[in-house]
Amino acid sequence: MGLIYDRDACTGCMLCIKACSFGAIERDGDKVKFDLDKCVLCGSCEAVCPADAILIERKMIDKELIAQYKDVWVFCETVDRRLRSVALELVTKGRELADKLGENLVAVLIGHEVTSLAETLIHYGADKVIVADDKIFRDYTTDAYTITLASLIAPAKPAVVLFGATNNGRDLAPRIAARLGLGLTADCTGLDIDEERQLIQTRPAFGGNIMAEIISPYTRPQMATVRPNVFKPGEPDTSRTGEIEKFDAKINPVQVRTRVLDRVSEVTEGMKSVEEADVIVSSGRGIKDPSNLDLSRRLAELLDAAVGGSRPIVDLGWLPPTQQVGQSGRTVCPRLYIALGISGAIQHLAGMSSSDIIVAINKDPEAPIFEIADFGIVGDLFEVVPALIEEIKRLKAER
Amino acid sequence: MKIIVPVKQVPEVAEVKINPETGTLIRDGVPSILNPFDEYAVEAAIQLKEAHGGEVTIITMGPPQAVDALYKALAMGGDRAIHLTDRAFAGADTWATAFTLAQQIKKMEFDMIICGKQAIDGDTAQVGPELAELLGIPQICYVRHLEMSEDGKTVIAHRETDEGYEVVKAKLPVLITATKGLNEPRLPNIMGIMKAKKKPLEVVDAAALGVNEDLIGLKGSPTAVRKVFPPEKRSGGIKIEAEDPKEAAKQLVEFLAKKGAI
Ligand SMILES: Cc1cc2nc3c(=O)[nH]c(=O)nc-3n(C[C@H](O)[C@H](O)[C@H](O)COP(=O)(O)OP(=O)(O)OC[C@H]3O[C@@H](n4cnc5c(N)ncnc54)[C@H](O)[C@@H]3O)c2cc1C
Ligand SMILES: Nc1ncnc2c1ncn2[C@@H]1O[C@H](COP(=O)(O)O)[C@@H](O)[C@H]1O
């Protein structure tokens, strides 16, 4: 099982060496050799080999079985009777995928007192909304949500199921994948349908150093979690109509093995969550003192932005962990990211480098953040930010 | 209390670079480390053992050199280790990884399993929940604070949410995934490092595990990598010196207005 190399068939063209992103193939005389410890069996070499000398042994695809699966489903997460913003992003993207397949888009709405949100999902593109509305869903629990969604998915046989890559979405989706024996691609930043009607799932790996295209060729449904803020929600069409179906999951409370005793919000008043914000004003160690965060708050208020921070700021307790951007914090991709006194360490960049526009204000002209900033100001943030606040106020007054 | 900690050896991703000419990953000379989130998991397990007694078993599925990750966890204070290693395990996605780990863990007694929140090479955060499902036990993911009841039968965990955290209670057995803030992982000392090599380490291959070869490694993986490519490189744009902060601010606002960003 694995990679089979037919040394006799190999013509020594060395194309495979170029195709391998993992440096797992080396020249070996006039042939090649493989370092199987580096190989991830991605098949790039197999695809370029003109002599069919490389074979990656895979499972067989049962085409008939796969053809039975139809429609695109999206799981629409709710919190306190409202939809998470990623739900509308998924419905918009799901609509596009369903149109490519010529199939229907089904939204699954789970929560407590959320039935009225079904209309909105139809306006954004759902053909049908399945609503599971019950007080057992007031708090998210892995068990209640898994039972409900798995029992809906298994008999309905959708081709695709998408989840938002929120903390709850990333808790739920793998549970369902394991229960139904399905592939699951985490944290996608790109989704498309190919000629063979497969879902192409693009995601970053190795801290954003590399992108991978993942497929689930053998099993259906194809499941993915999708990063919030990557796909933009479309315009609602209030004249759209669709079907709303109620679903009673009939969950026995003893089936729910965890109990939520309390929910604590650290996103204090006036502080937006960085994952859902359109604009983020983020501060790093350059802000020097917690009292100076008022400066970033003032700028944030003006731009209706969330206040974020680098890891040291959060470690010092100046901002709650929910606001930390980066590899060990949140991955964000707002329309505008303003970095104040942040050096741009790789772990920070991993969490924000896919923002639409990046602005950096930093004293150090060599700071790596400037390598990815669309607009960089080399200067003292304590001089530049107050001036910036004045300028924005002036612009607003002119409008 | 018997605790199992699944750990993974990962490349230090901060040092993984892309060869700009070929677009390939340069992994030569990049050190391999114990996944940072797994350090929180190992530390949590050791602290529970110190408080309540019991045994901590570290388990990994990975190539022969992944034994170093096991030694690190043993040096921190794990009691014994299991290394699932075989060519047949190679190419496993999260499902096949969770399945393989589950086959081993099903043969063992445990009260708690503590995983890291995610492995920093793939960042999927899927193996933990998939393992919990395959073992039929509840899970609490993204835990940053953990308490045991007096009788050692239930846990109360602070689970990170998108807005803050929630306080979740569950009876054992349970699987937990550890995130930053749960504790400060200890650095192994010389004594620990020396003792680690003498602790029991069991090496298990596919035959010893007794699994169907169709369900492990690449063949057991429902997902497949079709292509890998370097990300679109972001290049820096405008960079100005703020000799006059007012002027710099003005240029920035003009830029943002033109882009429709404000
Ligand atoms: C496993 C691991 C995970 C990590 N995860 C994360 C993560 O999720 N998020 C994260 O952010 N980091 C993370 N880090 C830490 C990361 O490596 C960096 O240490 C961190 O991002 C640095 O934060 P900083 O830019 O705020 O501070 P510094 O690197 O100290 O940079 C401060 C910057 O401010 C500038 N400055 C100072 N004064 C001024 C002034 N008056 N005006 C303008 N500029 C000024 C300086 O020039 C400097 O560039 C992680 C590290 C590890 C090992
Ligand atoms: N090969 C492996 N062997 C043992 N544990 C693993 C392995 N891969 C992942 N894990 C565990 O699952 C967690 C999540 O990993 P991942 O789903 O790959 O992000 C890790 O922090 C480990 O605790």
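Our structure is the block above this text.
Note that the structure is predicted; figures quoted are calculated from it, not measured. (Residues numbered from 1 in each chain as written. Chains lettered and ligands numbered in written order. Predicted model: local features only at pLDDT ≥ 70, side-chain atom pairs only at ≥ 80, totals over all residues. Heavy atoms only, no water.)

Some thoughts on the overall build of chain A
For step 1, the next point in the chain: Counting its secondary structure elements, chain A contains 11 helices and 21 strands.
For step 2, the next point in the chain: Seen through its C-alpha atoms, chain A measures out along the principal axes to roughly 70 × 60 × 40 Å.
For step 3, the next point in the chain: The burial tally for chain A puts 60% of its 399 residues in the buried class.
For step 4, the next point in the chain: Of all intrachain contacts in chain A linking residues separated by at least 6 positions in sequence, the fraction that spans at least 24 positions is 63%.
For step 5, the next point in the chain: Carbon and sulfur atoms make up 49% of the accessible area of chain A, which totals about 16100 Å².
For step 6, the next point in the chain: Averaging the coordinates of the 47 positive side-chain charges in chain A and doing the same for the 59 negative ones gives two points 3 Å apart. (Helix = DSSP H or I, 4+ residues; strand = E, 2+ residues; numbered from the N terminus. Buried < 20%, exposed > 50% of the residue type's maximum accessible area, 1.4 Å probe, protein only. Contact = heavy atoms within 4.5 Å. Areas by Shrake-Rupley, 256 points an atom, 1.4 Å probe, with all protein chains shown as cover. Lys, Arg positive; Asp, Glu negative; His and termini not counted. Charge placed at Lys NZ, Arg CZ, Asp CG, Glu CD.)

Quick word on the pairing of strand E9 (residues 139-148) of chain B
Residues and elements named next belong to chain B.
For step 1, the next point in the chain: Summarising burial for E9: eight of the 10 residues are buried, a large majority.
For step 2, the next point in the chain: Of the strand pairs in this sheet, E9 and strand E12 (residues 174-178) are connected by three bridges, and their pairing is parallel. For Ile140, the partnering residue across the bridge sits in E12 and is Ile176.
For step 3, the next point in the chain: The pairing of E9 with strand E10 (residues 154-160) spans five bridges and is antiparallel. Within E10, the residue paired with Glu147 across the bridge is Ile156.
For step 4, the next point in the chain: Here E9 folds back onto E10, and the loop between the two strands holds five residues, one of which, Gly152, carries a positive phi near 70°. (Pairing = 2+ DSSP bridges.)

Some details on the packing of aromatic side chains
For step 1, the next point in the chain: Taken as a whole and judged by the stated rule, the model has eight aromatic pairs over all chains.
For step 2, the next point in the chain: Seen in terms of ring centroids, Phe137 of chain A and Tyr145 of chain A are 5.3 Å apart; in terms of plane orientation they differ by 80°. Their pairing is edge-to-face. Here the two residues Phe137 of chain A and Tyr145 of chain A agree in accessibility, since each one is buried.
For step 3, the next point in the chain: Each ring, one from Phe375 of chain A and one from Phe255 of chain B, has its centre 5.0 Å from the other, and the planes form 50°; the classification is tilted. (Phe/Tyr/Trp six-rings, centres within 6.5 Å; stacked < 30°, edge-to-face > 60°.)

A short note on the site of ligand 1
All names here are of chain A.
For step 1, the next point in the chain: The full set close to ligand 1 counts 26 residues, and Arg285, Ser310, Ser328, Ser343 and Asn362 are the nearest of them.
For step 2, the next point in the chain: In this structure, Gly326 approaches ligand 1 through a main-chain N or O atom, which is 3.5 Å from an oxygen atom.
For step 3, the next point in the chain: Here an oxygen atom of ligand 1 sits 3.2 Å away from a polar atom, N or O, in the main chain of Gly329.
For step 4, the next point in the chain: Elements with a contribution of two residues or more to the shell around ligand 1: helix H9 (311-315), helix H10 (346-352) and helix H11 (381-398). (Near = heavy atom within 4 Å. Polar contact = N/O pair within 3.5 Å; in protein donor to acceptor, adjacent residues only side chain to side chain.)

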